[in-house]
Amino acid sequence: HAPEYLRPEVSELDGGLKNELEFIPMGVVLAISPWNYPVQLALYEILPALICWNAVIHKPSRVTPLIGLKLQALFNELLAPYTSKEAPILETVITTSDVAQKIIEDKIEMVALIGSTEAGRDIMQRASARLLNIALELGGKDAFVVLEDADLAEAVKAAVSGSIKNAGQACNAVERIYVPIALHDEFVRLAVEEVKKIKVGNPMDETVTMGPLALAAQRDIVEAHVADALSKGAKLEYGGKRIPGPGYFFEPTVLSGVNHTMDVMTKETFGPVVAIQAYKDTEESIALANDISYGLTVSVWTRDKERGKIIARRFHAGCAGVNHLCRSHPGAPWGGVRES
């Protein structure tokens, strides 16, 4: 599709003038990719840059360096007819963040980062010294709002799958669930039933539906958020503990009675936690969904799709779904607001 996408755009202007818009490479792009989807998210940064015939320096996460090297080998094979070993168009650097910072201070023209909000803030500050172009896709604390007329069975399945996918290690994972008081108890009951169906174990086993967390430090965060919630009055409905043995496993967990004094509802948990809060009316649900510094995705669940659209437009998020979790479909725009 590149020739079609990058074809010059010609338009006629008043006075017989013709305007021709051409797309040219920027130069060298530094692509910094994360560990949670180390192939897919790296490609989201590398491919657009290469399609536009920029050169790319790819810095994979220090946790997944071998995937970065494998991607470089695949691209080198693919691009061999068009490049030379003396002038590669893609290079992978396995290095620390301080070396990446030195690259930003050198002769690159753009930085693309998918990572934490803290990393994005640091990149923005360093890039500002040279007025570099930047593209940042950062953290999320995504809300899931159930209205009183929602299909409860459908909503529960989506809420649990959105919370547990990749063991919760996704920027667009469901991390905050808001349910009307009248539906709360039934929603919790169904959520526990759904979570009990999850099989935790070695992801190389095709019958397993949830694997381990990637890092010991990440499991520590999940454990701390659950403990903080319980200490402040949340109720543990299911799970809540480490699973012994090799691997950083944590039980898929259901919490009810949560609120915005708790870390599990205000900070990025990035783990397999289904956190459910009751609300009084629609206005309160919208206020709760917007009461966060992040703004990546949100979804609203209702049988009235037009009402769902009206409410979805009131959320402070880059992507809003009606009866659908926001996914990074390659044909759709993707991005966040605020600290996302």
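For clarity, every value in this text was computed on a predicted model and none was experimentally measured.

Peer 1: What am I meant to see in the overall build of the protein here?
Peer 2: Helix and strand counts for the protein stand at eleven helices and 14 strands. Taken over the C-alpha trace, the protein has a radius of gyration of 22 Å; the compact-globule value for 340 residues is 20 Å, and the two agree within 12%. Seen through its C-alpha atoms, the protein measures out along the principal axes to roughly 65 × 60 × 40 Å. When each of the 340 residues of the protein is scored for burial, the buried share is 46%.

Peer 1: Explain the sheet that holds strand S5 (residues 90-92) here, please?
Peer 2: Strands sit in the order S5-S4-S3-S6-S7 across an open sheet of five strands; the sheet is parallel. Across the chains shown, the open sheet's two edge strands, defined by having one partner strand only, are S5 and strand S7 (133-137). Along the sheet, successive strands turn relative to each other by an average axial angle of 15 degrees, direction set aside. Where strand S3 (residues 28-32) meets strand S6 (residues 110-114), four bridges bridge the pair, whose relative direction is parallel. Bridge assignment links Leu30 to a residue of S6, and that residue is Val111. Of the strands in this sheet, strand S4 (55-59) and S5 touch helix H3 (residues 65-79), which is tilted by about 160 degrees from S5. The sheet contacts of helix H5 (residues 117-128) involve S3, S6 and S7, and relative to S7 the element is tilted by about 175 degrees.

Peer 1: Can you help me understand the sheet that holds strand S10 (residues 235-238) in this one?
Peer 2: What links the strands of a sheet is backbone hydrogen bonding, and the strands pair in either a parallel or an antiparallel sense. Spatial strand order, S10-S11-S12-S9-S8-S13-S14: seven strands in an open sheet with mixed pairing. At either margin of the open sheet sits one strand with a lone partner, and together these are S10 and strand S14 (319-322). Going from strand to strand, the sheet's axes swing by 20 degrees on average, the running direction of each strand aside. Across four bridges, the pairing between strand S8 (residues 142-146) and strand S9 (residues 174-180) is parallel.

Peer 1: I tried to follow empty space enclosed by the protein on my own but got confused; where do I start?
Peer 2: Across all of its chains, the model carries two cavities of 30 Å³ or more by this definition. Of the volumes computed, that of the largest cavity is approximately 70 Å³. Lining the largest cavity are 15 residues, with Arg176, Ala289, Thr297, His316 and Ala317 positioned closest to its centre. A class-by-class count of the residues in the lining of the largest cavity yields eight nonpolar, four polar and three charged. Here the second largest cavity defines a volume of roughly 30 Å³. For the second largest cavity, the full set of lining residues is Asp142, Ala143, Asn172, Val174, Thr297, Val298, Ser299, Leu325 and Cys326. Those elements giving two or more residues to the lining of the second largest cavity turn out to be S8 and strand S13 (297-301). Here the lining of the second largest cavity gets three residues from one element, more than from any other, and that element is S13. Of the residues assigned to the lining of the second largest cavity, the class counts are five nonpolar, three polar and one charged.

Basis of the calculations
- Residues numbered from 1 in each chain as written.
- Predicted model: local features only at pLDDT ≥ 70, side-chain atom pairs only at ≥ 80, totals over all residues.
- Heavy atoms only, no water.
- Helix = DSSP H or I, 4+ residues; strand = E, 2+ residues; numbered from the N terminus.
- Rg over C-alpha atoms; globule rule 2.2 N^0.38 Å.
- Buried < 20%, exposed > 50% of the residue type's maximum accessible area, 1.4 Å probe, protein only.
- Pairing = 2+ DSSP bridges.
- Axes fitted to C-alpha atoms, helices over the stretch in contact; angles between N-to-C directions.
- Contact = heavy atoms within 4.5 Å.
- 1 Å grid on protein atoms, 1.4 Å probe; cavity = no way out; pocket = protein on both sides within 12 Å on 5 of 7 lines; lining within 4 Å.
- Points joined across faces, edges and corners; volume = space filled by probe spheres on them.
- Nonpolar A, V, L, I, M, F, W, Y, C, P; charged D, E, K, R; others polar.

The quantities given are spatial measurements derived from coordinates; they are silent on function.
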